[in-house]
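# Observations on the model geometry
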Amino acid sequence: MSESSARETTNPNELDSSGVPLSSSSTEETGPDPNWTPPDPVLSEATALDPLAPNEPLEDAGNDVETTQEAVVRRSSDPSANKKKWTKASNWRPRMVRWQRQLARVNALESTLQAEDDQTIRKRSLALRYRAMAGEKLSELLPEAYALCREAGRRSLSMRHYDVQILGGIALFEGHITEMQTGEGKTLTATLPLYLHSLVGKGAHLATVNDYLAKRDAEWMMPLFEMLGVSVGIIQTEDDQGGRRKSYGAAITYGTAKEFGFDFLRDRLLLRAQNRMQTEMLGSGDGGFSNSGDQVVMRGMHFCLVDEADSILIDEARTPLIIGSIEDTVRDQIIETYKWAAENAPLFELDEHFEIDDETKRYELTARGRSKVRALPKSDLVRTMGLVDMYEYIERSIKTHREFLLNRQYVIRPSEKDPNVDEIVIVDEFTGRLAEGRKWRDGIHQSIEAKEGVEISVPTGQAARITVQDLFLRYPHLAGMTGTAATSAGELRKIYRTPVVRVPTNRPPQRIQLPSRVFGTLNSKFEAIAKEVEEIHATGRPVLVGTRSIDKSVLLSKLLDDLGIEHEVLNANNVEREAEIVAEAGGRGKVTVATNMAGRGTDIKLSNDVEQIGGMHVICTELHDAARIDRQLIGRCGRQGDRGSYRQYLSLDDDILKGGYGAIKYEKLKKRGEATSGSVDRLAAMFHKAQRKVERRHFRDRMVLMHHEKERKKMQREIGQDPYLDTPD
């Protein structure tokens, strides 16, 4: 989560209750009109755009998305949810009017609470908990609960929730995904629905992308919750079962999606072993744990607030969380075959020995390729392997040699368990961070280990399995927040039944978009980038350059070294210095080269004199598979109404063209680029079209996954199997 933007203030009327209006296009526009005054959201509905109107989904999601009344009712706490579909902005006006009335009630309580002492505030919070557990509706308790939370934040953290943050908190309580720009205080906003849902005593979870952010945000907000008498638990990867049970027993629990999923699976395995499996829910949600013997650690799944919702709910939706079973008895044979395949994979030629399906990216040996496999020398262990299995091992090794590259998809680093042993660690393509504890499926991870000569981790069977998508669909109350959800609004609404709303910024954005530049080759593009960095650096403005992979960040770093420009490199290889690098990135004359890990969970603050000279300048070196990830990087500049600018650099050998148009057209464009000197900026639109094609394909893949998972679970339940524990490998 980004750092909160709230500042201490004693004047409750300092901010307008409606916030800043948004245009129907992106918030990444140029500066505000100095004569602008906030419109009244009720009186001016005929002329002013509703600042919290739903965003239009991408064309790939919008045409086939229909939200039923049943779906709306299931997710939302909104009392009017069963009356209208979420399809037109006009349907949001009654909801917005109601939210404004709730905001007015929250503001009306502020002066009263400011006059009370800390003990009285705590007593009020305790009284709210009794009322909630007695059955009073949370929607009726919302104004007082949010007012208490705001006052606790002002006293304990010197942070007062802005009115737009209160509106965002109301939207989150009613089961929405809120899009909040960088620096607008998602961390502080999250305290509102977490506190309100915790009152019923069933637990409230906040799921984020890694242990560091979970621990940082929980410890940061803990004084606020402690003032209200609310306990907070933190789930970390290294925690034992007792520590986890205590953390889940707290009123509010911070953790990662991965840890929540694995704890769910472990509890399910334990319940089966103890012959106490419940059909649909873990526990009854009534709390109370025994400290003796093996006991489940989770007490139920009531409410979950997903931080960086688009990353977790979309980018990682297909990621399976798997608990392995006992190792295979033919371990030595498997290891030997992986090594044999890795040694021989470079001998196979495309078209002659194998073919690649452009749609599925599947590698398949030709007749000559299979003949070559049979003719290769083999050890006694490999010779006992089935011939069809040998073909698969070779196909897998060819794929890893061609598509999985060191310092792009993965890095090699000492194992945490044994520093003397190296291991393969995945670099998450969406966040740029190391995906600790994750492995590729279907033998890909072991094939890479064999290629790099590190110890091969023998694949295990499955004892339990659940996808990230399925995990969050189990929560009866689900909400999320992110800086980039608008372009995926249709998908989030269709799969998770969580409508997307855009929360206005507290101050008008002043981010300036500069024209995109297109070059023929990567080298010419990077030379132009280095030149622009040199020019901007000379003015004293800080510069942030985003790259898609570690190797490209290293390449650009070398070019800057040649120009004598002092800079920092932030990627998965030096994640331990992330906080230090980010803290200094907004200083005068600072240059930072980063993978897209700089786009999540960080908030770059400008030093005092930088704002006057134009703010931070962001350079994007190529388009990602999803426009959301580009927007994350762009969001590093222009936070909280600061000045800033950004520019997109592209080249005709960028990966996005291959993904969007296929290998044949990509090769033609690549050859055209090699023959091109200078820039060809007129081709910029072609890159965005390719990006939309890739987004559509990924959307279809996720919908197919959801369909197959649904059918598989239905079939297994019909034959009396548990869909999470009896899933075949």
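Values in this document were obtained by computation on a predicted structure and should not be read as measured data.

### Here's the deal with the overall build of the protein
Scanning the protein from terminus to terminus reveals 25 helices and 20 strands. Buried residues in the protein amount to 57% of all 729 residues. Counting only contacts in the protein whose residues sit at least 6 apart along the sequence, the fraction spanning at least 24 positions is 75%. Accessible area of the protein: about 30,800 Å², with a carbon and sulfur share of 48%.

### A word on the pairing of strand S20 (residues 643-651)
When you tally the buried positions in S20, you get eight out of nine residues, the bulk of the element. When strand S14 (residues 510-513) meets S20, the two strands line up parallel, connected through four bridges. Bridge pairing in S20 links isoleucine 512 to serine 645. Judged from the three bridges that link them, strand S15 (residues 517-519) and S20 form a sheet pairing that is parallel.

### Describing the side chain of threonine 178
Relative to the elements of secondary structure, threonine 178 occurs in strand S1 (residues 177-179). Those residues within four positions of threonine 178 in sequence are excluded, and the remaining contacts are Gly168, Ala171, Leu172, Gly480, Met481, Thr482, Val501 and Val503.

### Thoughts on helix H5 (residues 138-156)
Along H5, the helix axis deviates most sharply at glutamate 144, where the bend reaches about 35°. Within H5, 15 of the 19 residues are buried, which leaves it mostly tucked inside the rest of the structure.

### Quick look at a positive patch on the surface
A contiguous patch of positive charge on the surface is contributed by Lys361, Arg402, Lys658 and Lys670. By secondary structure assignment, the location of lysine 670 is in helix H24 (residues 663-674). The class for lysine 670 is partly exposed, based on a relative accessible area of 30%.

### Observations regarding the nonpolar core
One finds Tyr146 and Tyr195 to be the most contacted residues of the largest nonpolar core, which totals 52 residues. Residue contributions to this core peak at nine residues, all from H5. Among all residues touching tyrosine 195, those that are not within four sequence positions of it are Ser125, Leu128, Ala145, Leu148, Cys149, Phe225, Leu228, Val230 and Ile252. Residues Phe262, Ile466, Leu471 and Met703 belong to the second largest nonpolar core, which totals 39 residues.

### Considerations on the pairing of strand S19 (residues 616-620)
Judged by how many residues are buried, S19 sits mostly within the fold: five of five residues are covered. Because side chains alternate across S19, one face comprises the buried residues Met616, Val618 and Cys620, and the other comprises His617 and Ile619, equally buried. As judged from the four bridges shared by strand S16 (residues 543-547) and S19, these two strands associate in the parallel manner. Paired with valine 545 across the two strands is isoleucine 619, which belongs to S19. Note on the crossover from S19 through helix H22 (residues 627-634) to S20: the handedness is right-handed.

### Let's talk about the packing of aromatic side chains
This model, assessed by the stated rule, comprises eight aromatic pairs. Ring centres 5.1 Å apart and planes at 75° place the aromatic pair phenylalanine 404 and tryptophan 440 in the edge-to-face group. Placement of the pair is phenylalanine 404 in the loop between helix H15 (387-403) and strand S9 (410-414) and tryptophan 440 in the loop between strand S10 (422-426) and helix H16 (444-452), with a sequence separation of 36 residues. Through a chain of ring-to-ring contacts, three or more aromatic side chains come together here, namely Phe404, Tyr410 and Trp440. Over the ring of phenylalanine 348 we find lysine 372; its NZ or CZ atom is 5.9 Å from the centre of that ring. Sitting above the plane of the tyrosine 393 ring, arginine 396 keeps its charged end 5.0 Å from the centroid.

### Observations regarding the packing of helix H19 (residues 522-539) against helix H20 (residues 550-562)
The interhelical angle for the contact between H19 and H20, taken along N-to-C directions, is 55°, at an axis separation of 10 Å. One way to sum up the angle between H19 and H20 is to call them oblique. Handedness of the H19/H20 crossing: right-handed. The segment H19 lies against H20, with Leu522, Phe526, Glu527, Ile529, Ala530 and Val533 engaging Lys552, Leu555, Leu556, Leu559 and Leu560.

### Considering H24
For H24, with 12 residues, the first-to-last C-alpha span of 16 Å sits near the 16 Å given by 1.5 Å per residue. Buried within H24 are the following residues: Tyr666, Leu669 and Gly673. Down the axis of H24, the buried set is contained in an arc of 65°. They therefore lie on one face. In H24, those exposed residues whose orientation departs by more than 90 degrees from the buried face are Ile664, Lys668, Lys671 and Glu674. Next to the buried residues of H24 lie helix H23 (655-661) and helix H25 (684-718).

### A closer look at the side chain of lysine 552
Here lysine 552 lies in helix H20. Overall, the relative accessible area of 8% leaves lysine 552 in the buried class. Polar contacts involving the side chain of lysine 552 include one to the side chain of glutamate 622, which spans 2.6 Å. Not counting residues within four places of it along the chain, the set of residues in contact with lysine 552 comprises Arg408, Leu522, Phe526, Thr547, Glu622 and Asp655.

### Here's the deal with unusual backbone geometry
One non-glycine residue with positive phi stands out, namely serine 158, at about 60°. As for its position among the elements, serine 158 is in the loop between H5 and helix H6 (163-173). Taking the relative accessible area as the measure of exposure, serine 158 reaches 36% and is therefore partly exposed.

### Focus: the pattern of salt bridges
Tallied over the entire structure, the rule returns 41 salt bridges. The closest approach of N and O atoms between arginine 244 and glutamate 259, which form a salt bridge, is 2.8 Å. With arginine 244 in helix H9 (residues 241-249) and glutamate 259 in helix H10 (residues 257-273), the pair connects residues that are 15 residues apart, well separated along the chain. With a closest N to O distance of 3.0 Å, aspartate 726 and arginine 272 form a salt bridge. On the criterion of sequence distance, the pair formed by aspartate 726 in the segment after H25 and arginine 272 in helix H10 is long-range, its members being 454 residues apart. Judged by relative accessible area, which is 25%, aspartate 726 ranks as partly exposed.

### With respect to the environment of alanine 207
Take alanine 207: it is sitting in strand S2 (residues 204-208). The class for alanine 207 is buried, based on a relative accessible area of 0%. Taking the C-alpha atoms as reference, alanine 207 lies 8.8 Å from glutamate 308; in sequence the two are 101 residues apart. Look past the residues within four positions of alanine 207 in its chain and what remains in contact with it is Gly255, Ala257, Phe260, Cys304, Leu305, Val306, Asp307, Ile312 and Phe472.

### A closer look at the sheet that holds strand S12 (residues 477-482)
Here we have seven strands laid out as an open sheet, ordered S3-S4-S2-S5-S12-S1-S13, and parallel in their pairing. Each of the sheet's edge strands pairs with one partner strand only, and the pair in question is strand S3 (232-234) and strand S13 (500-502). In this sheet, adjacent strand axes meet at a mean angle of 20° when their direction is disregarded. Here S3 runs beside strand S4 (residues 252-256); their pairing, made up of three bridges, is parallel. Considered in S4, the bridge of glycine 233 is made with threonine 253.

Rules used in this analysis
Residues numbered from 1 in each chain as written. Predicted model: local features only at pLDDT ≥ 70, side-chain atom pairs only at ≥ 80, totals over all residues. Heavy atoms only, no water. Helix = DSSP H or I, 4+ residues; strand = E, 2+ residues; numbered from the N terminus. Buried < 20%, exposed > 50% of the residue type's maximum accessible area, 1.4 Å probe, protein only. Contact = heavy atoms within 4.5 Å. Areas by Shrake-Rupley, 256 points an atom, 1.4 Å probe, with all protein chains shown as cover. Pairing = 2+ DSSP bridges. Bend = angle between axes of the 7 residues up to and from the residue. Patch = residues over 30% accessible without salt bridge, like charges linked within 9 Å, V, L, I, M, F, W, Y side chains within 5 Å. Salt bridge = Lys/Arg side-chain N within 4 Å of Asp/Glu carboxyl O. Lys, Arg positive; Asp, Glu negative; His and termini not counted. Charge placed at Lys NZ, Arg CZ, Asp CG, Glu CD. Core = buried A, V, L, I, M, F, W, Y, C linked by side-chain atoms within 4.5 Å. Right-handed = clockwise from strand over helix to strand, strands pointing away. Phe/Tyr/Trp six-rings, centres within 6.5 Å; stacked < 30°, edge-to-face > 60°. Lys NZ or Arg CZ within 6 Å of the ring centre and 35° of its normal. Axes fitted to C-alpha atoms, helices over the stretch in contact; angles between N-to-C directions. Parallel < 35°, antiparallel > 145°, perpendicular 65-115°, else oblique. Left-handed = near helix turned anticlockwise from the far one by under 90°. Expected span 1.5 Å × (residues − 1). Arc of directions from axis to C-beta. Polar contact = N/O pair within 3.5 Å; in protein donor to acceptor, adjacent residues only side chain to side chain.

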